[in-house]
Amino acid sequence: MSYAKVYSAGLVGLTGSVVEVEADVAAGLPTMVLSGLPDTALHEARDRVRAALVNSGEEWPQRRITVNLLPADLPKRGSGFDLAIAVAILGGTGRLPLFPLDGVVIFGELGLDGEVRPVRGALAMVAAATRAGFRRAIVPLANAQEALLVPGIEVRATDSLHSVLAFIRGRAPLPVAPPETIGVTAPGPDLADVIGQEESRLGLEVAAAGGHHLAMVGPPGAGKTMLAQRLPSIIPTLDDEAALEVTAIHSIARQLEPGTGLMRRPPFQAPHHTASIAALVGGGSGLARPGSLSLAHHGVLFLDEAPEFPARALETLRQPLEEGTITIGRSRETLTFPARVQLVLAANPCPCAKPGGDQQCECLPQARRRYLGRLSGPLLDRIDIHLRPLALTAAELLDTDQIRESSATVGERVVTARAAAAERWRSEGWLVNAAATGTKLNEPPWRLPLSATRDLRHRIDLGLISARGYVRVLRLAWTFADLAGRDRPTSDDVNAALTLRTGAAR
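Quick notes on the rules
- Residues numbered from 1 in each chain as written.
- Predicted model: local features only at pLDDT ≥ 70, side-chain atom pairs only at ≥ 80, totals over all residues.
- Heavy atoms only, no water.
- Helix = DSSP H or I, 4+ residues; strand = E, 2+ residues; numbered from the N terminus.
- Buried < 20%, exposed > 50% of the residue type's maximum accessible area, 1.4 Å probe, protein only.
- Contact = heavy atoms within 4.5 Å.
- Areas by Shrake-Rupley, 256 points an atom, 1.4 Å probe, with all protein chains shown as cover.
- Lys, Arg positive; Asp, Glu negative; His and termini not counted.
- Charge placed at Lys NZ, Arg CZ, Asp CG, Glu CD.
- 1 Å grid on protein atoms, 1.4 Å probe; cavity = no way out; pocket = protein on both sides within 12 Å on 5 of 7 lines; lining within 4 Å.
- Points joined across faces, edges and corners; volume = space filled by probe spheres on them.
- Nonpolar A, V, L, I, M, F, W, Y, C, P; charged D, E, K, R; others polar.
- Domains from an automatic or database assignment.
- Axes fitted to C-alpha atoms, helices over the stretch in contact; angles between N-to-C directions.
- Parallel < 35°, antiparallel > 145°, perpendicular 65-115°, else oblique.
- Expected span 1.5 Å × (residues − 1).
- Buried area = accessible area lost by both parts, 1.4 Å probe.
- Salt bridge = Lys/Arg side-chain N within 4 Å of Asp/Glu carboxyl O.
- Polar contact = N/O pair within 3.5 Å; in protein donor to acceptor, adjacent residues only side chain to side chain.
- Phe/Tyr/Trp six-rings, centres within 6.5 Å; stacked < 30°, edge-to-face > 60°.
- Pairing = 2+ DSSP bridges.

- By the naming in an unreviewed UniProt entry, the protein chain goes by Magnesium chelatase family protein and is assigned to Allocatelliglobosispora scoriae.

Thoughts on the overall build of the protein chain
Alright, step 1. The helix and strand tally for the protein chain stands at 21 helices and 16 strands.
Alright, step 2. For the protein chain, buried positions account for 51% of its 506 residues.
Alright, step 3. Put simply, 72% of the contacts in the protein chain that link residues at least 6 apart link residues at least 24 apart.
Alright, step 4. In the structure as shown, the protein chain presents an accessible area of about 22400 Å², 53% of it carried by carbon and sulfur atoms.
Alright, step 5. Treating the 53 positive side-chain charges of the protein chain as one cloud and the 53 negative ones as another, the clouds have centres 5 Å apart.

Observations concerning the layout of surface pockets
Alright, step 1. Here the largest pocket defines a volume of roughly 1400 Å³.
Alright, step 2. Lining the largest pocket are 48 residues; nearest its centre among them are Ala-242, Glu-245, His-298, Arg-340 and Leu-431.
Alright, step 3. Residue assignment for the lining of the largest pocket shows that the elements contributing at least two residues are strand 2 (15–26), helix 4 (122–131), helix 9 (240–252), helix 13 (318–323), strand 14 (334–338), helix 17 (407–424) and helix 20 (467–484).
Alright, step 4. It is helix 9 that contributes the most residues to the lining of the largest pocket, 7 residues altogether.
Alright, step 5. Looking at the lining of the largest pocket residue by residue, the class counts come to 26 nonpolar, 12 polar and 10 charged.
Alright, step 6. Counting contributing residues, the lining of the largest pocket receives three or more from each of domain 1 (3–169) and domain 2 (191–395).

Concerning the environment of Leu-450
Alright, step 1. Considering the arrangement of structural elements, one finds Leu-450 in the loop between helix 18 (438–441) and helix 19 (454–461).
Alright, step 2. Take Leu-450: its relative accessible area is 52%, and that puts it in the exposed class.

Re the packing of helix 19 against helix 21 (residues 491–502)
Alright, step 1. Contact pair helix 19 / helix 21: the axes reach a minimum separation of 9 Å and the direction vectors enclose 40 degrees. In terms of axis orientation, helix 19 runs oblique to helix 21. Contacts from Asp-455, Leu-456 and Arg-459 of helix 19 reach helix 21 at Val-494, Asn-495, Leu-498 and Thr-502.

Points about helix 20
Alright, step 1. Here helix 20 is 18 residues long and its end C-alpha atoms lie 26 Å apart, about the 26 Å a rise of 1.5 Å per residue gives.
Alright, step 2. Across the 18 residues of helix 20, 14 count as buried, placing the element largely inside the fold.

Quick look at the side chain of Asn-348
Alright, step 1. Assignment of secondary structure puts Asn-348 in the loop between strand 15 (342–347) and helix 14 (365–372).
Alright, step 2. With a relative accessible area of 7%, Asn-348 lands in the buried category.
Alright, step 3. Ignoring anything within four residues of it in the chain, the contact list for Asn-348 reads Val-217, Gly-218, Pro-219, Pro-220, Lys-224, Glu-305, Ala-353, Tyr-371 and Leu-372.

Side note on helix 3 (residues 82–93)
Alright, step 1. End to end, helix 3 covers 17 Å across 12 residues, agreeing with the expected 16 Å (1.5 Å per residue, within 8%).
Alright, step 2. In terms of residue burial, helix 3 counts as a mostly covered element, since 12 of its 12 residues are buried.
Alright, step 3. Those residues of helix 3 that sit buried are Asp-82, Leu-83, Ala-84, Ile-85, Ala-86, Val-87, Ala-88, Ile-89, Leu-90, Gly-91, Gly-92 and Thr-93.
Alright, step 4. Following helix 3 by one or two positions, Gly-94 adopts a phi angle in the positive range, close to 85 degrees.

Considerations on the domain arrangement of the protein chain
Interface size is often expressed as the accessible area that is lost when the parts come together.
Alright, step 1. Annotation of the protein chain at the domain level lists domain 1 (3–169) and domain 2 (191–395).
Alright, step 2. Here domain 1 and domain 2 have C-alpha centroids that lie 40 Å from each other.
Alright, step 3. The junction of domain 1 with domain 2 conceals about 1600 Å² of combined surface from both sides, 67% of it contributed by carbon and sulfur atoms.
Alright, step 4. Our count for the contact surface shared by domain 1 and domain 2 stands at 0 salt bridges.
Alright, step 5. At the junction of domain 1 with domain 2, the criterion picks out 3 residue pairs in polar contact (both at pLDDT 80 or more).
Alright, step 6. Secondary-structure elements contributing two or more residues to the side of domain 1 that touches domain 2 are strand 1 (3–12) and helix 4.
Alright, step 7. At 3 residues, helix 4 tops the list of elements feeding residues into the side of domain 1 that touches domain 2.
Alright, step 8. Class assignment of the residues belonging to the side of domain 1 that touches domain 2 gives a composition of 11 nonpolar, 2 polar and 3 charged.

A word on the packing of aromatic side chains
Alright, step 1. Under the definition given, this model contains 6 aromatic pairs.
Alright, step 2. Ring centres 6.3 Å apart and planes at 70 degrees place the aromatic pair Trp-425 and Trp-478 in the edge-to-face group. Of this pair, Trp-425 sits in the loop between helix 17 and helix 18 while Trp-478 sits in helix 20, and the two are 53 residues apart along the sequence. Considered together, Trp-425 and Trp-478 belong to a single accessibility category, that of buried residues.

What to know about the pattern of salt bridges
Alright, step 1. Using the criterion set out here, one finds 23 salt bridges in the structure.
Alright, step 2. The salt bridge partner of Arg-374 is Glu-308, with a shortest N-O separation of 3.8 Å. Remark: Glu-308 occurs in the loop between strand 12 (300–303) and helix 12 (311–315) and Arg-374 occurs in the loop between helix 14 and helix 15 (377–380); sequence separation between them is 66 residues.
Alright, step 3. Since its relative accessible area comes to 41%, Arg-374 is described here as partly exposed.
Alright, step 4. Here Asp-482 and Arg-424 are joined by a salt bridge, their closest N and O atoms 2.3 Å apart. Pair noted here: Asp-482 is in helix 20 and Arg-424 is in helix 17, with a separation of 58 residues, a long-range link. The residues Asp-482 and Arg-424 share a single accessibility class, namely buried.

Details of the sheet that holds strand 10 (residues 214–217)
Alright, step 1. On the basis of which strands lie adjacent, the open sheet formed by 5 strands has the order 11-12-15-10-16 and parallel pairing. The strands lining the two open edges of the sheet, one partner per strand, are strand 11 (268–269) and strand 16 (385–387).
Alright, step 2. Bridging between strand 10 and strand 15 involves 4 bridges; their strand directions are parallel. Along strand 15, the bridge assignment pairs Leu-214 with Val-344.

Remarks on the pairing of strand 8 (residues 136–140)
It is a general feature of regular strands that their side chains alternate between the two faces of the sheet.
Alright, step 1. Of all 5 residues in strand 8, 4 are buried, a share of seventy percent or more.
Alright, step 2. Sheet topology places strand 5 (residues 104–106) next to strand 8; 3 bridges connect them, and they run parallel. Looking at strand 8, one finds that Val-104 is bridged to Arg-136.
Alright, step 3. Alignment of strand 8 against strand 9 (residues 154–158), held across 5 bridges, turns out to be parallel. Bridge assignment links Ile-138 to a residue of strand 9, and that residue is Arg-156.

As structure tokens, this is what we get:
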């Protein structure tokens, strides 16, 4: 036998893909040709595979070896195909029967001594294999717990090429990976820790219930960061599909801690203001990696000290906030990363950032305008809720008798409100009010009566609010109604939404 084929898996952006690994061992000068758009790391596989086979007690064929990776027009990157290439070459020599690998996907990096080492993105690759109909997988031992997160597939783990070859030849079993051990997740920040700021707490609850973006401008110490960190604690936990998607992204970015299981808690990302555009939205040289925007998918992206971020980095957020994806174009390919996030911006009102706010500010008026002007109008127009938290008073800070609702209590109301929104927009496939379009909101039966939108329409006529802002106020009004348990927003709901939209709350 001079031809053999096994199945492996790779990554294209953040998506796994099944790859056929073909090997043809023919007469000719001893050499190995690798085709199928391999990158540099994959080109070097010939040396790793040869050393791994020899050091595992196998004979390297002194013939012409051609290895092809299908689909040939799909870019192949990384060292995860090493194990499949080694098995295919031995199968091509006729010294290894491959029928035990029917319906099996296999991947892993090989060390020169034959050790099978882990690869990044194992979860996404096993998920792709499952979608393609595979029901068994052989993965590196260090990736086994991660691969087990994908339902409907039997995972066998290995730490050496020798054990894989012994299993294929029927000489030794390859154990099925044990069930995952899920670590205990430490409780996150609780909303009960926030002192005062009742208007801001309300804005946070509305943001969580409707999936709305949020901006906070206030003096240092007002609690902006505390509020942002507690937003994920009142957002409903992720369902199976979303949890698998989020966990796969963190696996690809090598940010998945062993034993944590599926990520049920909405992720929270807070990049530093010195982060590059690639770190924020994804990309980079070589193999494109997800940025903070994708790592916050189905969660919260928090930009503290937002005016300090480069203007170009902030402007790259405009399109993903609308579409829920980020597209990165390259010379040979175009990658699309998921980016459905809730954006939270926080900023001081001026460069000097005195704790007392406006009363102690030493900045000139033009300096204040220039500082906040770094946040462009088109970006701020995409923010639904604008809050102005004030510095705490001594009475608020020392009031130990104040009853502050916990994240669990607020989260129950958010779950109820989201359930109402999901039922309302079920025919459209939307889960939150923030996804509703202006066209749908202005059509019967969702169009509000003129008496409820009188003040809102007046502001449009005066040029105080844009058409996009008009739609976002309507979305907020529906969220207020859902939190109150009403079927439709009232004029009070619209006015309350308008207050949050314009940042008039104190």
